[in-house]
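Notes for the structure review
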Amino acid sequence: MNTHEENYVGKSAIDEIISKHKGKPGELLTTMEEIQEASEYKYLDMQSMDYLSSQTKVPLSQIYSVATFYSFFNLKPQGKHTIIVCRGTACHTKGSKVLLDDLSTMPGCKDALEAGETSFTTEDRLITVKTVACFGQCALAPVVAVDGVIYSNVTSEQIKKILQNLQEDNKDENIRLC
Ligand code: FES
């Protein structure tokens, strides 16, 4: 079984999600979000989008555009932990590039980010590194989100410690850094 097959939640699960949100405001976004959340590797695989299109009659091209437009949709397998570094002007000025450099010590990360990718996942799928344009919390720059928790005024030492803790898969230690 490959990753895409493992990620696919199946027709009946998707049918259930579709019918739950049918006719409600923002149904396409919510449906896509829930399918992603239900998937093993937290991304929208082509099979899921294809099936969603066939059941809702929303063109696949439209579903794909939505998935690529919103940064909370993923088109690739995600890691168990996610580190999101803000690359907005305020965060850049306060050193977010250094934080990304610290994360780029993971094999393959530097190449992926330098190639213009906005997301990188380690081979063991433990950690995903992403960038965003702005968290809307510029006064707290540089800002980093780790597994959905926002960290402000992050230093190089802190991000290294966060990374080390995640690599040891020790999230509780990580939270104590705040
Ligand atoms: S620029 Fe980073 S939060 Fe706005």
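Numbering of residues begins from 1 in every chain and follows the order in which that chain's sequence is written. Since the coordinates come from a predicted model, pLDDT governs what is reported: local features require at least 70, and pairs of side-chain atoms require 80 or more to be given and counted, while whole-chain, interface and lining totals use all residues. Each side-chain value is worked out from all heavy atoms of the structure, with water and hydrogens disregarded.

**Things to note about the environment of Ser 61**
The following threshold applies: Each helix is a run of H or I in the DSSP string that is no shorter than four residues. Each strand is a run of E no shorter than two, and both are numbered from the N terminus.
Of note, Ser 61 is situated in helix α5 (residues 60-69). Separated by 11 residues in the primary sequence, Ser 61 and Asp 50 place their C-alpha atoms 9.7 Å from one another.

**Let's talk about the nonpolar core**
Worth spelling out the cut-off: Here, the term nonpolar core denotes a set of buried Ala, Val, Leu, Ile, Met, Phe, Trp, Tyr and Cys residues that are joined through side-chain atoms within 4.5 Å. Partly exposed describes any residue whose relative accessible area lies between the buried limit of under 20% and the exposed limit of over 50%, with all areas from a 1.4 Å probe on protein chains only and scaled to the type maximum. Any two residues whose heavy atoms approach within 4.5 Å at even a single point are treated as in contact.
Ile 83, Ile 127 and Val 144 are the most contacted members of the largest nonpolar core, which has 21 residues in total. If you list the elements that add at least two residues to this core, you get β1 (81-86), α7 (96-103), α8 (109-114), β3 (127-132), β4 (144-146) and α9 (156-167). At 4 residues, α9 tops the list of elements feeding residues into this core. Apart from the residues within four sequence positions on either side, Val 144 is in contact with Ile 83, Ile 84, Val 85, Leu 99, Phe 135, Val 149, Ile 150, Tyr 151, Val 154 and Ile 159. Among the nonpolar cores identified, the runner-up in size contains 16 residues, and Ile 18, Met 49, Tyr 51 and Ala 67 belong to it.

**Points about the pattern of salt bridges**
Where charged atoms of side chains with opposite charge meet at close range, the side chains can pair. The condition that has to hold: Here, a salt bridge means any Lys or Arg side-chain nitrogen found within 4 Å of an Asp or Glu carboxyl oxygen.
The full count for this structure, using the stated rule, is 5 salt bridges. Here Lys 20 makes a salt bridge to Glu 34, at a shortest N to O gap of 2.6 Å. Here the residue Lys 20 occupies a position in helix α2 (residues 11-21), and Glu 34 occupies one in helix α3 (residues 27-38), the gap between them amounting to 14 residues. Relative accessible area serves as the criterion here: at 45%, Lys 20 is assigned to the partly exposed category. The shortest N-O distance in the salt bridge between Lys 42 and Glu 37 comes to 4.0 Å. Classification of Lys 42 as partly exposed rests on a relative accessible area of 32%.

**Regarding α7**
Quick note on the threshold: Relevant arc is that of directions from the helix axis to the C-beta atoms, nothing else.
Of the positions making up α7, those classed as buried are Ser 96, Leu 99, Leu 100, Asp 102 and Leu 103. All buried residues of α7 lie within an arc of 155° about the axis, which places them on one face of the element. Residues of α7 that are buried in the fold lie against β1, α6 (89-93), α8, β3, β4 and α9.

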